[in-house]
Structure formats: C-alpha cells, structure tokens
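Breakdown of the fold
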Amino acid sequence: MENNSTRNLWIDYLRTAITVMVVAHHSSLAYTTFAWFDKKAYINSTHAIVDTKRWIGLDIFENFNDVFFMSLMFLIGGLFLMRSINKKGMLLFIKDRFYRLFVPFLFLGTLLMLIAYFPSYYVGHSNTDIIAYIIDFFGIEKWPVGPPWFIWVLFVFNLLFALFYKHFIKLSNNIGLKLSVIKNKPFSFFIIVFCVTWILYVPIAYIIGAGTWTGIGPFDFQVSRILLYFGYFTLGILIGNTDFNNEIFSTKSAIVKKWWLWLLLSLVVYFTLIIISEPLRQMLKNNTIKEFYAWMIYYVIYTASCTISCIAFITTFRKLINKENYYWNSLSDNAYLIYLIHYIFVVWCQFLLLNFDIPAFIKFSITLIFALSLSWMVSILLRKIKIINKYL
C-alpha cells in the first residue's frame, strides 16, 4: 500500500480490486447464514451487526474471499519492499513505514473503530451512554481492532525485513533467479506456491483451529494464518526482487498466458471445497473416515483453492489491464484510505437497515454501494489535507 507513480498499473488495479472485495466482504457478513451475535460481548460475534435476513449465496461469496484475498494482499504488500529500501535506505524506509502504516493504525484506526462499533454496543445493550460505551470498548471488548489489523501486521513484516535486509538480500537474489526460470513452467509455479501455502497453514490450523485469534489490545492477529501471511509477504519480496513484468509475469510467459484456465480452475476448486464439506462431515458422523484424514482432504483442497485463486487474480489482471481508466485511477489513489475508513459506513449502514423487511441480497447491495461510495468520497476530501495526502 504505497503511493508511487512508478508502480505497475496492473498491480495498482489488482490491489484496488482486492480493497473493493474487502468492502464487499464486510458488507456481506451481516447476512450470511452462519452469522450470530453475542449481546454480552459483541467482539465474540461473527460480525459487528447481524441481521435476521440471510442468504446462502453470500456464504459462498464471503468464503471464497476468505480463502485467499488477504494472502494475496500480503503478497502485493511485499512486491516493492526491496526497491523501496534500496531507494530510501533502511532508516528512511522505517520512518516512512512508521508514518504510513503504524501511526494511521494506532490513532486513526482506534478513533474510527470507536465510531464504527457504537451500533454494536447499542444492539447489545440498548444504551446510548457514550462513557459507558467507551468503557465497554476498552474493557469488555478489549479494544477491538477491526479491519486495520492488516495494517499493523504489515508494518511488523516491513520492519522485520528492513532490519534483516542485509542478511536477506543474498538469499533473495538467488531465489529470485530461480523464480525467473519457471516463467514457462506454470505447473511448477503452482506446486511451489501450493507447498508454501500448505506447510505454513495446514499444520498450525489443524492443531489450534482455523479461526483462532489472539492479541493484546488492538494488536490482534489470526494465529492460524500468521505464518501463511508472512510466507506470502516473503514470496512477494522474492518476486519483487526480479524483473517480474518481463519474466515470471510477462504477458508472454506460460503462467500468464493461461490466465483463463487459472480463473476457471479457481472456481472449480473452490466449488469442490464447498461440495466436499458436507460429505466429509457425514463420513465423520458415521465413523467411515478418521478425523485426521477428513481434515487433510479438506485442507489439501483449501490450499489448492487459495493458491489457484491468487494466481488467477494475478494473471488475469496482468493479462487484461493494459490501459488506464479514470475511475480505476481514482479508486487506486484512494484505496488505502478506503480500507481504513470503510468499516464505519459498512456497520452503520447495516445497523440502519436492520428494521427494513427487504431481502438479504438487497441489503448487502445497498451496504456495499453506500459504504464504498462514502468511503471513497471521504478519502478524496481527506487527501486534500497535505499531511494526509503525503502518507495516505
């Protein structure tokens, strides 16, 4: 997430598309069939607001996103790290990341979450006492971080690589050369990313559970995925240290030429993941398969879905994005702030729609349109402030 005119257009637009998907993801969470709300501590709920209107189609959409899009976001976050350190030097790079990532996360993120979560408190307690809400926010709810969790984790990853930059550079150069060689070996590329994904995710997810979060105050993170995210961030750095536009992600490389196949496979494998879940549950219930084997079958398909979806989005944008668009440019310029502030509009819109007797998909659509539009407009206005425009 960096304002840099020298960046590749297709990567800018890919990052922007994922940001829009994040907004859509959060817009859907109030209306999934598995959503539930804990009135005593809303932080334990599946989402800040949960509606009685549900649609299973949003389960499918939400889960598709959840399988891969934050991994891809971390990969993109690492792409330009080496070039940025080479250009600025380690100390200036850390200073820049501190102001661009950590400061907005800690101060702006906290203030925005105080605004965003008030409807959750009201739904749980039917109370509009601001002081009581603030006490609950920092006490019972333990300073909920919301979507900005990604920002502080990204900052830590940046900091670690900056501090160990000199030790990493040689390894990066060697691996980067090997990555460049496989540009015409799409299956080999898939196997490499698949193995990285499986090794860094499956063992820890199986042992502690896929949905386990931990943290202190706003410094929350998903334990089962932290190694996965670090691995994808590292993969982004390794790829970014090559001439990837003319090598591994060249429009002439076999990997990119098969963009349509990756896209098709991403849907096939994801729907296979959906379809196989219930039979596996039934087999477990009937004691016809051991739990370990059931989970391993599921996680192999899950890993394939994550891997192929990431490759599909990368190759599709690389192949199809070849000219600028005014609206995409504006979205791209404001993507970071949209990510930071969209949750306010998502939660408040979902809250205001609670008593309307309309289908879940309509509520989702209204929330997405309003949250994206309002966060986009507010971002444009905020970026007129010089200091905000410099870093955000």
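Provided above is the structure to which this section pertains.
Quick summary incoming for the structure in this document. (Residues numbered from 1 in each chain as written. Predicted model: local features only at pLDDT ≥ 70, side-chain atom pairs only at ≥ 80, totals over all residues. Heavy atoms only, no water.)

1. Points about the overall build of the protein
For clarity, the cut-off: Counting from the N terminus, the helices are DSSP H or I runs at least four residues long and the strands are E runs at least two residues long. For the radius of gyration, the atoms used are the C-alpha atoms, and the globule rule reads 2.2 Å times the number of residues raised to 0.38. For every residue, the accessible area obtained with a 1.4 Å probe (protein chains only) is divided by the maximum for its type, and the residue is called buried under 20%, exposed over 50%, and partly exposed between those limits.
When helices and strands are tallied, the protein shows 16 helices and two strands. Taken against the 2.2 N^0.38 rule, which gives 21 Å for 392 residues, the C-alpha radius of gyration of the protein at 21 Å falls within 12% of a compact globule. Dimensions of the protein, computed from the C-alpha atoms along their principal axes, are close to 65 × 60 × 40 Å. The buried share of the protein, taken over its 392 residues, is 53%.

2. Quick word on helix 2 (residues 56-78)
Formally: A helix is expected to span 1.5 Å multiplied by its residue count minus one. The angle between axes fitted to the seven residues ending at a residue and the seven residues starting there is what we call the bend at that residue.
Here helix 2 contains 23 residues, and its C-alpha end-to-end distance of 35 Å stays within 8% of the 33 Å for a straight helix at 1.5 Å per residue. At Asp 66, helix 2 shows its strongest bend, of approximately 40°. Along helix 2, 18 of the 23 residues are buried, which leaves the element largely enclosed by surrounding structure.

3. Details of the pairing of strand 1 (residues 213-216)
Note the threshold: The pairing criterion for strands is at least two bridges between them, as found by DSSP.
Pairing of strand 1 with strand 2 (residues 219-222), which is carried by four bridges, proceeds in the antiparallel orientation. Considered in strand 2, the bridge of Thr 214 is made with Phe 221. Linkage of strand 1 to strand 2, two consecutive antiparallel strands, is achieved through a turn of two residues, within which Gly 217 is found at a positive phi near 60°.

4. Describing the environment of Thr 128
Definition in use: The contact definition used throughout considers only heavy atoms, calling two residues in contact when any of these lie within 4.5 Å.
Looking at the secondary structure, you find Thr 128 in the loop between helix 5 (118-125) and helix 6 (130-138). Thr 128 sits in the exposed class, given a relative accessible area of 53%. Between the C-alpha atoms of Thr 128 and Phe 118, which are ten residues apart in sequence, the distance is 8.5 Å. Other than its neighbours up to four places away in sequence, Thr 128 contacts Phe 118 and Tyr 122.

5. Thoughts on the environment of Phe 150
Inspection of the secondary structure puts Phe 150 in helix 7 (residues 149-163). Take Phe 150: its relative accessible area is 1%, and that puts it in the buried class. C-alpha separation for the pair Phe 150 and Val 378, spaced 228 residues apart in sequence, amounts to 21 Å.

6. Re the packing of aromatic side chains
For clarity, the cut-off: Working definition: a ring pair exists when centres of Phe, Tyr or Trp rings (six-membered ring for Trp) sit within 6.5 Å. Plane angles under 30 degrees give stacked, over 60 give edge-to-face, the rest tilted.
Counted by the stated rule, this structure contains 58 aromatic pairs. When the centroid spacing of 5.1 Å and the interplanar angle of 90° are considered together, the rings of Phe 118 and Tyr 133 count as edge-to-face. One end of the pair, Phe 118, is in helix 5; the other, Tyr 133, is in helix 6, and 15 residues separate them in sequence. Residue classification places Phe 118 among the buried positions, given a relative accessible area of 14%. With a centroid separation of 5.3 Å and an interplanar angle of 25°, the aromatic rings of Trp 295 and Tyr 299 are classed as stacked.

7. Re unusual backbone geometry
You will see that Ser 126, though not glycine, has its phi angle at about 50°, which is positive. Take Ser 126: its relative accessible area is 61%, and that puts it in the exposed class. A positive phi angle is found at Lys 142, which is not glycine, with a value near 60°. Mapped onto the secondary structure, Lys 142 falls in the loop between helix 6 and helix 7. Looking at Lys 142, the relative accessible area reads 61%, which means it is exposed.

8. Structural notes on empty space enclosed by the protein
The condition is simple: The rule is simple: put a 1 Å grid over the protein atoms alone, call a set of points where a 1.4 Å probe fits but cannot get out a cavity, call an open set with protein on both sides within 12 Å along at least five of seven lines a pocket, and count a residue as lining if it has an atom within 4 Å of a point. Grid points are joined across faces, edges and corners, and a volume is the space filled by probe spheres set on the points.
Summed over all chains, the structure comprises four cavities of 30 Å³ or more. One number sums up the size of the second largest cavity: a volume of about 40 Å³. What lines the second largest cavity is simply Leu 75, Phe 189, Val 193, Tyr 232, Leu 235, Cys 310, Ile 311 and Ile 314. Of all the elements in the fold, those that place two or more residues in the lining of the second largest cavity are helix 9 (186-208), helix 10 (226-240) and helix 13 (291-320). Element by element, the count of residues in the lining of the second largest cavity is highest for helix 13, at three residues.

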